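Overview (structure and organization)
These are the residues of each chain, in order.
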Amino acid sequence: MTVPHHQIRAAFTADTITVYQAYPPEIADAALAAGRFVPPFKRERMTWIKPSFRWMMYRCGWALKPGQERVLAVEISRAGFEWALGHACLSGYDPRRHPDRESWRRQLRTSPVRVQWDPERSLRLAPLAYRSVQVGLAGEAVRRYVDEWLVGLTDVTPLARAVHARLTAGDEPGATALLPVERPYPLPAEVARVADAGSD
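Along the chain, F53 turns up in helix α2 (residues 53-60). The exposure class assigned to F53 is buried, which follows from its relative accessible area of 1%. Distance from F53 to L179, taken between C-alpha atoms, is 7.7 Å for residues 126 residues apart in sequence. Apart from the residues within four sequence positions on either side, F53 is in contact with Y20, V156, L159, A160, L179, P180 and E182.

The structure is reproduced here in structure tokens:
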């Protein structure tokens, strides 16, 4: 089956979706102890959430990169996730969607959310032909993320290390069996249009 070039794939329930973030231990430990993001997490900074576990592993190097040693699975409301996508600006200029670069730059400056599509990754973290979404939250979107959308936090660093260990041992079927199950995420048509999701 052909995967659309821009498709959101995620672990989700009827009400929530799981996204991933990697942090240094001091941020992760404080968040896990409180059950929410608290200092030293900085609300003033843009924070990027990623529904793809494999793309998160590519970004953090299986939780081995400095400053990204801890990986959190963040369960948030689907309503919040869809609000973010519906208020997003694409991180790159697209002439199909903006009349000119200046109008795109204006939207980028004022939007609380950025959407970026990067190549999805294989189990060995090689780039694939289709894309995975990264969602950058700033300003009002960070506040909503921390105070309204968050349902639960789980430390999945042990999972990242376990998958990596099986890969290192040459056990690809065993590594694959540990991966979170991610399915195509159904978006309302208007939200999909804004986020450029589902396009070939």
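Moving on, we get to the nonpolar core. One finds F37, F81, L137 and Y145 to be the most contacted residues of the largest nonpolar core, which totals 40 residues. In terms of residues, this core owes the most to one element, helix α5 (residues 140-149), which gives 5 residues. Of all hydrophobic cores here, the second largest spans 18 residues; its members include A22, M57, A63 and A160.

All of the buried residues in helix α1 (residues 25-34) are I27, A28 and A31. Within α1, the buried residues cover an arc of 95° as seen down the axis, which keeps them to one side. Following α1 by one or two positions, G35 adopts a phi angle in the positive range, close to 75°.

Bringing the sheet that holds strand β6 (residues 113-121) into the picture now. Across the sheet, which stays open at both edges, the 4 strands sit in the order β3-β7-β6-β5 with mixed pairing between neighbours. This sheet does not close on itself; its edge strands, each paired only once, are β3 (47-49) and β5 (88-90). The mean angle between the axes of side-by-side strands here comes to 40°, regardless of whether they run parallel or antiparallel. Sheet topology note: the β3/strand β7 (residues 127-137) ladder contains 3 bridges and is antiparallel. Following the sheet pairing, W48 is matched in β7 by G136.

We now examine the pattern of salt bridges. Taken as a whole and judged by the stated rule, the model has 14 salt bridges. A salt bridge links D29 to R70, with the nearest nitrogen and oxygen atoms 2.8 Å apart. Of this pair, D29 sits in helix α1 while R70 is found in strand β4 (residues 70-77), placing the two residues 41 residues apart along the sequence. For R70, a relative accessible area of 15% gives the class buried. E140 is the partner of R144 in a salt bridge, and the nearest nitrogen-oxygen pair spans 2.8 Å. Pair noted here: R144 and E140 are both in helix α5, with a separation of 4 residues, about one helical turn. We classify E140 as partly exposed; its relative accessible area is 37%. Salt bridges here are not isolated pairs; linked through shared partners, they connect E140, R143, R144 and E148.

Moving on, we come to the side chain of T16. Mapping T16 onto the fold places it in strand β2 (residues 16-23). Assessed through its relative accessible area of 10%, T16 is described here as buried. Looking at T16, its side chain comes within polar contact range of the side chain of E75, at 2.5 Å. Beyond its immediate sequence surroundings of up to four residues, T16 is in contact with E75, I76, S77, R78 and V151.

To continue, consider the packing of aromatic side chains. For the structure on display, the rule yields 10 aromatic pairs. With centroids separated by 5.4 Å and ring planes inclined at 75°, the aromatic side chains of Y20 and F53 adopt a geometry described as edge-to-face. Here Y20 is found in strand β2, whereas its partner F53 is found in helix α2, with 33 residues between them in sequence. The residues Y20 and F53 share a single accessibility class, namely buried.

The rules we used
Each chain has its residues counted from 1, following the order in which its sequence is written. Thresholds applied to this predicted model are a pLDDT of at least 70 for local features of residues and 80 or more for the giving and counting of side-chain atom pairs; totals over whole chains, interfaces and linings are not thresholded and use all residues. To obtain the side-chain values, all non-hydrogen atoms of the structure were included, while hydrogens and water were left out. Helix numbering and strand numbering both begin at the N terminus, where a helix is a DSSP run of H or I of at least 4 residues and a strand a DSSP run of E of at least 2. Here's how the labels work: a residue is buried when its accessible area is under 20% of the maximum for its type, exposed when over 50%, partly exposed in between, all with a 1.4 Å probe on protein chains only. For this analysis, residues touch if any pair of their heavy atoms sits within 4.5 Å. Grouping buried Ala, Val, Leu, Ile, Met, Phe, Trp, Tyr and Cys residues that are joined through side-chain atoms within 4.5 Å yields what is termed a nonpolar core. In this description, one arc is meant: the one made by directions from the helix axis to the C-beta atoms. Strand pairing is assigned whenever DSSP detects at least two bridges linking the two strands. Simply put, an axis is a line fit to the C-alpha atoms, just over the touching stretch for a helix, and the angle between two N-to-C directions goes from 0 to 180 degrees. Salt bridges are identified by distance alone: a Lys or Arg side-chain nitrogen within 4 Å of an Asp or Glu carboxyl oxygen. Here a polar contact is taken to be a pair of N or O atoms separated by no more than 3.5 Å, where protein atoms must pair a possible hydrogen donor with a possible acceptor and residues adjacent in sequence count only if both atoms sit in side chains. Classification of ring pairs uses Phe, Tyr and Trp, with its six-membered ring standing for Trp, and accepts pairs whose centres are within 6.5 Å; under 30 degrees between planes counts as stacked, over 60 as edge-to-face, and the remaining range as tilted.

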